[in-house]
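# A look at the structure
Now for the letters of each chain:
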Amino acid sequence: AGVFLIAESLQTNTSMKILDLDHNWIGDDEAIALADALETNQHLEQLDLSGNKIGCQGAAAFANFLQVNSTLSSLSLCYNNIQDNCAV
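Right, let's walk through the structure included here. (Residues numbered from 1 in each chain as written. Predicted model: local features only at pLDDT ≥ 70, side-chain atom pairs only at ≥ 80, totals over all residues. Heavy atoms only, no water.)

### Digging into the overall build of the protein chain
Looking only at helices and strands, the protein chain features three helices and three strands. Order of helices (α) and strands (β) in the protein chain, N terminus to C terminus: α-β-α-β-α-β. Taking 12 Å as the expected radius of gyration for a compact globule of 88 residues, we find that the protein chain reaches 12 Å, a close match to that expectation. If you line up the protein chain on its principal axes, its C-alpha atoms span 35 × 25 × 20 Å. In the protein chain, which comprises 88 residues, the proportion classed as buried is 38%. When the accessible surface of the protein chain is split by element, carbon and sulfur atoms take 49% of a total near 5100 Å². (Helix = DSSP H or I, 4+ residues; strand = E, 2+ residues; numbered from the N terminus. Rg over C-alpha atoms; globule rule 2.2 N^0.38 Å. Buried < 20%, exposed > 50% of the residue type's maximum accessible area, 1.4 Å probe, protein only. Areas by Shrake-Rupley, 256 points an atom, 1.4 Å probe, with all protein chains shown as cover.)

Now the structure itself:
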């Protein structure tokens, strides 16, 4: 539930530049909520989601989000459940 609250707050964030959510058991549903929220966020520059449980659906949500957001310069998705067959 905490990640969904963070995602909601990111929609109106104007000050946070770095967000580290590594090793928080974040799955696809939470990743999709974060990616959706970040589509309108023009302030976050770095996001670390390494060591979570993000799979193909979450990775696809971030691939879509990166097409519309030019502010985020660093996104770490290493050590998740993203497999080769998740390629977009």
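### A short note on helix α3 (residues 56-66)
All buried positions along α3 are accounted for by Gly-58, Ala-59, Ala-61, Phe-62 and Phe-65. Angular distribution of buried residues about the axis of α3 spans 155 degrees; they occupy a single face of the element. (Arc of directions from axis to C-beta.)

### Considerations on the pattern of salt bridges
Taken as a whole and assessed by the stated rule, the structure comprises one salt bridge. The shortest N-O distance in the salt bridge between Lys-17 and Glu-45 comes to 4.0 Å. In this pair, Lys-17 sits in the loop between α1 (2-10) and β1 (18-20) while Glu-45 sits in the loop between α2 (28-38) and β2 (46-48), placing the two residues 28 residues apart along the sequence. Judged by its relative accessible area of 38%, Lys-17 is partly exposed. (Salt bridge = Lys/Arg side-chain N within 4 Å of Asp/Glu carboxyl O.)

### Brief notes about the sheet that holds β2
Strand order in the open sheet formed by three strands is β1-β2-β3, with parallel pairing between adjacent strands. Both edges of this open sheet fall to β1 and β3 (74-76), since each of them pairs with a single strand only. Pairs of neighbouring strands in the sheet enclose a mean axial angle of 0 degrees, with direction left out of account. Bridge analysis of β1 against β2 gives three bridges, and the strand direction is parallel. Bridge pairing links Leu-19 to Leu-47 in β2. (Pairing = 2+ DSSP bridges. Axes fitted to C-alpha atoms, helices over the stretch in contact; angles between N-to-C directions.)

Geometric values such as these leave the question of function open.
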